[in-house]
Amino acid sequence: MENPYLVVLITASDEEEAVKIAQILVEEKLAACVNIVPKLRSIYIWDGEMEDETEALMLCKTRHDLFDTLQKRVKELHSYLLPEIIGLPVIAGSDDYLNWIRDVTA
């Protein structure tokens, strides 16, 4: 059976925005836990221009079946026109931790 858990990567404009989004995702049981990595440096092309920005990265632990709802909620809360929201499958993990994710999410 495929593991039903995801780690979702989401960048935010700064740590404050990441905290706001993370708290809502956890309160609404769309994520069991969100780690925030402040001061991530991102280099990318936007509107044909090279950008070099400081952002915050959220690592959200959730279930695959919640991804669509989580993605919709992030888009409602986010300041970016096109926020990064990428779900990566969890290949393996501690049974106790994965069971905790299952138990605390919606």
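One can find the structure itself at the top, above this paragraph.
Residues numbered from 1 in each chain as written. Predicted model: local features only at pLDDT ≥ 70, side-chain atom pairs only at ≥ 80, totals over all residues. Heavy atoms only, no water.

1. A closer look at the pairing of strand E2 (residues 33-46)
Within a regular strand, the side chains alternate between the two sheet faces.
For step 1, the next point in the chain: The pairing of E2 with strand E3 (residues 49-63) spans 12 bridges and is classified as antiparallel. Bridging across to E3, Asn35 finds its partner in Leu59.
For step 2, the next point in the chain: What sits between E2 and E3 in their antiparallel hairpin is a turn of 2 residues, with Asp47 showing a positive phi close to 50 degrees. (Pairing = 2+ DSSP bridges. Helix = DSSP H or I, 4+ residues; strand = E, 2+ residues; numbered from the N terminus.)

2. Focus on the nonpolar core
For step 1, the next point in the chain: Of all hydrophobic cores here, the largest spans 20 residues; its most connected members are Val8, Ile10, Leu25, Met58, Cys60, Leu70 and Val74.
For step 2, the next point in the chain: Sorting the residues of this core by element identifies strand E1 (5-12), helix H1 (15-27), E3 and helix H2 (67-77) as the ones contributing at least two each.
For step 3, the next point in the chain: Top contributing element to this core by residue count: H1, with 5 residues.
For step 4, the next point in the chain: Core analysis: the second largest hydrophobic core is formed by 5 residues, Tyr5, Ala32, Val90 and Ile101 among them. (Core = buried A, V, L, I, M, F, W, Y, C linked by side-chain atoms within 4.5 Å. Buried < 20%, exposed > 50% of the residue type's maximum accessible area, 1.4 Å probe, protein only.)

3. A short note on the packing of H1 against H2
For step 1, the next point in the chain: At a minimum axis distance of 11 Å, the contact between H1 and H2 shows a crossing angle of 140 degrees. On the basis of their axis angle, the class for H1 and H2 is oblique. In this structure, H1 meets H2 at a crossing whose hand is right-handed. Across the interface between the two elements, Glu17, Lys20, Ile21, Ile24 and Leu25 from H1 touch Leu70, Arg73, Val74 and Leu77 from H2. (Axes fitted to C-alpha atoms, helices over the stretch in contact; angles between N-to-C directions. Parallel < 35°, antiparallel > 145°, perpendicular 65-115°, else oblique. Left-handed = near helix turned anticlockwise from the far one by under 90°. Contact = heavy atoms within 4.5 Å.)

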